[in-house]
Amino acid sequence: MKYYDAKWIGSSANKSQWPNTTYPEMVFAGRSNAGKSSLINALVNRKNLAYEGKTPGKTRLLNFFEVNEQYVLTDAPGYGYAKGSKQSFIDFGELMEPYFHERKQLKLLIMVLDIRRTPNEDDIRMVNFAKENHLAIIGACTKSDKLSNNQQITQRKMISETLGIPKEKLVICSCLKKTGMEQLWDLIEKTL
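About the criteria used
- Residues numbered from 1 in each chain as written.
- Predicted model: local features only at pLDDT ≥ 70, side-chain atom pairs only at ≥ 80, totals over all residues.
- Heavy atoms only, no water.
- Helix = DSSP H or I, 4+ residues; strand = E, 2+ residues; numbered from the N terminus.
- Buried < 20%, exposed > 50% of the residue type's maximum accessible area, 1.4 Å probe, protein only.
- Contact = heavy atoms within 4.5 Å.
- Core = buried A, V, L, I, M, F, W, Y, C linked by side-chain atoms within 4.5 Å.

1. Examining the side chain of Asn63
Here comes step 1: Assignment of secondary structure puts Asn63 in strand β3 (residues 62-67).
Here comes step 2: In this structure Asn63 comes out as buried when scored by relative accessible area, which is 15%.
Here comes step 3: When near neighbours in sequence (up to four residues on either side) are disregarded, Asn63 contacts Trp8, Gly10, Ser11, Leu73, Thr74 and Asp75.

2. A few points about the environment of Gln105
Here comes step 1: Secondary-structure assignment places Gln105 in the loop between α2 (86-102) and β5 (106-114).
Here comes step 2: The buried category is assigned to Gln105, whose relative accessible area is 16%.
Here comes step 3: Distance in space between the C-alpha atoms of Gln105 and Met26 is 8.5 Å, their sequence separation being 79 residues.
Here comes step 4: For Gln105, the residues in contact, after removing those within four places along its chain, are Thr21, Thr22, Tyr23, Pro24 and Glu25.

3. Describing the nonpolar core
Here comes step 1: By size, the foremost hydrophobic cluster in this structure holds 32 residues, and its most contacted members are Tyr99 and Phe100.
Here comes step 2: Every element with two or more residues in this core is listed here: β2 (25-30), β3, α2, β5, α3 (121-132), β6 (136-142), α4 (149-163) and β7 (170-172).
Here comes step 3: Residue contributions to this core peak at five residues, all from α2.
Here comes step 4: Setting aside residues up to four positions removed in sequence, Tyr99 forms contacts with Trp18, Glu25, Val27, Leu62, Phe64, Thr74 and Leu106.
Here comes step 5: Listed in part, the 29 residues of the second largest apolar core include Ala140, Cys175, Leu184 and Trp185.

Right under this line is the structure:
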């Protein structure tokens with residue numbers, strides 16, 4: 001497995017705390033239990049770079065990681081956790097809206113989706129929000145180790161149709177088995 005020079009460069013609750021970088025950024029967004037932090041860790045071949053909580057919905061800040069002095073990966077708070085309060089949805093919007101609208105370095109949304117789940121209204125909203133902000137979109141269909149190959153193909157097709165993301169932009173991956181990581185990096189590099 002390839003070595004990546006990856007490090008945490010900051011967390012932010014607001015615009016004033018964004019790190020001062022010039023590298024292209026990609027934001028990892030998705031439901032609270034989709035596996036965003038696990039995916040970041042698997043992508044850079046590290047165990048504990050991004051915090052992986054046992055309870056969904058614990059991340060409340062934008063967490064920034066620099067990789068190979070080339071890219072910035074941003075771990076966004078999850079959305080849609082069932083126990084989340086109305087206030088947590090307001091907080092999420094107040095955190096993400098300026099980031100999507102004003103962060104010039106932001107070039108790509110990595111939409112993290114549990115391949116076993118049907119995309120919901122929050123997922124559709126997130127993809128539409130990225131499109132409105134002229135961001136490229138790649139889907140990472142995580143937890144593929146839980147399904148057979150045929151089930152993966154069926155789910156990928158359904159996710160593609162539901163979210164309007166072309167199938168070739170949806171990577172089937174497993175953080176547990178580290179599958180799909182090279183394909184995801186290839187797509188990221190081509191996109192950026």
